[in-house]
Amino acid sequence: MDELINIGVRQGTVLGFSEHLTIQSAEFKVLEDNIKKGRYGIFEPKGVSKSHLYVVLTQDCTISSGKYIELAQLKKKTVKDESKVQHLLLGKDYSKLYVNFEGDIYETEEALLTKVSKELLIEALSSEDLKVKSSLSITSMKIVLDWRLLAYRREPFPDKFNRILIDYFKKSNFWFTDFLSENQEHVHSVRIFVTPESDEDADLYHFSITLVLTESGQAHDETLFDGLERMINEFSQMNGVVGLQTEEFEQSSFAFPEHLTISLTVNLDEFSFANAYVMREFNFQYLCY
């Protein structure tokens, strides 16, 4: 097995500087220099503090076989009201993220991601200049990885459709987003079909929404179905959108794509790659954390 893995370093592991180091220590200077050099461009010179933590982003298989380990720098923040920074805690700002770790909130920035050599980490951990603190929770790590991934792979939906949806959320006091958050353990993903998908400013968009359920969600199917049905009916009253799943919609007037499912809820094993091609995961999938 790999030496770093043996030490306890895996994806999601949080590392911190040892207490015996000072900012004047030669060992700290070496780590600081390598952390800075692993950054990009104008952000390379930004400071490194002894209080900073570093979470490992690299997958376990690459930890074993690769030469470099990607780290996200964590800086402790004082947050008096978490409700005011929910967008940062849920990964909506792709330049900055707030992370919960052991009861405290830390900030990480895309600009301060770094890569350091595997050999340096092995040496620093073996000499106890760095220590394994703990690991992020599964939920926190999923948010961190999605935050990193979605910076490059956010699903494109028409801008006007997005704006109508956000306007609906505001007018309805975000009850549906709260509903998804309350049922986060039961919803694997939120899948949406929108047409015309290539027109950013269409006069009218047809849409359908399906909740893909986790195994535990199957026992809550009725509740999830009723919640989504209410949302679709309300959202369909907004100007510029028509829901394909409402009772009022005349289905014979619309050419349904071959692999579109109009079920409000489906189990994970019932949702195929063909379905996923037609109904992409919407950008507010972070609501299901």
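Trainee: Provide a residue-level description of the overall build of the chain, including the pertinent values.
Mentor: A tally of regular secondary structure across the chain gives ten helices and twelve strands. For the chain, the C-alpha atoms occupy an extent of roughly 75 × 35 × 35 Å along the three principal directions. Across the 289 residues in the chain, those meeting the buried criterion constitute 48%. Sequence separation of at least 24 residues holds for 71% of the intrachain contacts in the chain that already meet a minimum separation of 6.

Trainee: Let's hear about the packing of aromatic side chains: which residues, and what values?
Mentor: One pass over the full model with this rule turns up 15 aromatic pairs. When the ring of Phe207 is compared with that of Phe235, the centres are 4.8 Å apart and the planes differ by 50°; the resulting orientation is tilted. Remark: Phe235 occurs in helix H9 (residues 221-235) and Phe207 occurs in strand E9 (residues 205-213); sequence separation between them is 28 residues. We note that Phe207, like Phe235, is buried. Taken together, the ring pairs connect Phe161, Tyr168, Phe169, Phe174, Tyr205, Phe207 and Phe235 into an aromatic cluster. Directly above the aromatic system of Trp175 lies the positively charged group of Arg230, at a separation of 3.7 Å from the ring centroid. Geometry around Phe157 places Arg280 over its ring, the cationic atom sitting 4.7 Å from the centre.

Trainee: Now, about the environment of Asn34: what can you tell me, with residues and values included?
Mentor: One can find Asn34 in helix H2 (residues 26-37). The contact partners of Asn34, leaving out residues within four places of it in the chain, are Thr114, Lys115, Val116 and Leu120. Here the side chain of Asn34 touches Val30 through a polar contact of 2.8 Å, landing on its backbone oxygen.

Trainee: A description of the packing of helix H7 (residues 159-171) against H9 should follow, citing residues and the corresponding values.
Mentor: Look at H7 against H9: their axes get within 11 Å of each other, and the N-to-C directions meet at 115°. Taken together, H7 and H9 sit at an angle that is classed as roughly perpendicular. The way H7 lies across H9 gives a crossing that is right-handed. Contacts between H7 and H9 involve Phe161, Ile164, Leu165, Tyr168 and Phe169 from the first element and Met231, Glu234 and Phe235 from the second. When its residues are assigned to classes, the contact of H7 with H9 shows seven nonpolar, no polar and one charged.

Trainee: Break down H7 for me, with residues and values.
Mentor: The end-to-end C-alpha distance of H7 is 18 Å, a good match for the 18 Å that 13 residues give at a rise of 1.5 Å each. Residues Phe161, Ile164, Leu165, Tyr168 and Phe169 constitute the buried set of H7. One side of H7 holds all its buried residues, which, seen down the axis, span an arc of 140°. Relative to its buried face, H7 has exposed residues pointing more than 90 degrees away, namely Lys170 and Lys171. Check the buried side of H7 and you find it contacts helix H8 (175-182), strand E8 (187-195), E9, H9 and strand E10 (241-243). At the exit of H7 stands Asn173, carrying a positive phi of roughly 55°.

Trainee: Pulling in residues and values, what's your account of H8?
Mentor: Taken together, the buried positions of H8 are Trp175, Phe176, Thr177, Phe179 and Leu180. Here the buried face of H8 lies against H7, E8, E9 and H9.

Trainee: Could you give an account of the pattern of salt bridges, with specific residues and numbers?
Mentor: Enumeration according to the criterion identifies 15 salt bridges in this entry. Residues Glu197 and Arg280 are paired through a salt bridge, measuring 2.8 Å at the closest nitrogen-oxygen approach. A residue pair is termed long-range when its members are at least 10 positions apart, and Glu197 in the loop between E8 and E9 and Arg280 in strand E12 (residues 280-281) qualify at 83 residues. Given the relative accessible area of 45%, Glu197 is considered partly exposed. Judged by its relative accessible area of 17%, Arg280 falls in the buried class.

Trainee: Got a sec to walk through the pairing of E8? Specific residues and values, please.
Mentor: Burial of E8 is extensive: seven of the nine residues sit out of reach of the surface. Note: E8 against E9, eight bridges, orientation antiparallel. Within E9, the residue paired with Phe193 across the bridge is Ser208. For E8 and E12, the ladder comprises two bridges, and the chain directions are antiparallel. Across the sheet, the residue bridging to Ile192 is Arg280, located in E12.

Cut-offs and rules
- Residues numbered from 1 in each chain as written.
- Predicted model: local features only at pLDDT ≥ 70, side-chain atom pairs only at ≥ 80, totals over all residues.
- Heavy atoms only, no water.
- Helix = DSSP H or I, 4+ residues; strand = E, 2+ residues; numbered from the N terminus.
- Buried < 20%, exposed > 50% of the residue type's maximum accessible area, 1.4 Å probe, protein only.
- Contact = heavy atoms within 4.5 Å.
- Phe/Tyr/Trp six-rings, centres within 6.5 Å; stacked < 30°, edge-to-face > 60°.
- Lys NZ or Arg CZ within 6 Å of the ring centre and 35° of its normal.
- Polar contact = N/O pair within 3.5 Å; in protein donor to acceptor, adjacent residues only side chain to side chain.
- Axes fitted to C-alpha atoms, helices over the stretch in contact; angles between N-to-C directions.
- Parallel < 35°, antiparallel > 145°, perpendicular 65-115°, else oblique.
- Left-handed = near helix turned anticlockwise from the far one by under 90°.
- Nonpolar A, V, L, I, M, F, W, Y, C, P; charged D, E, K, R; others polar.
- Expected span 1.5 Å × (residues − 1).
- Arc of directions from axis to C-beta.
- Salt bridge = Lys/Arg side-chain N within 4 Å of Asp/Glu carboxyl O.
- Pairing = 2+ DSSP bridges.

Such coordinate-based values are descriptive only and should not be taken to indicate function.
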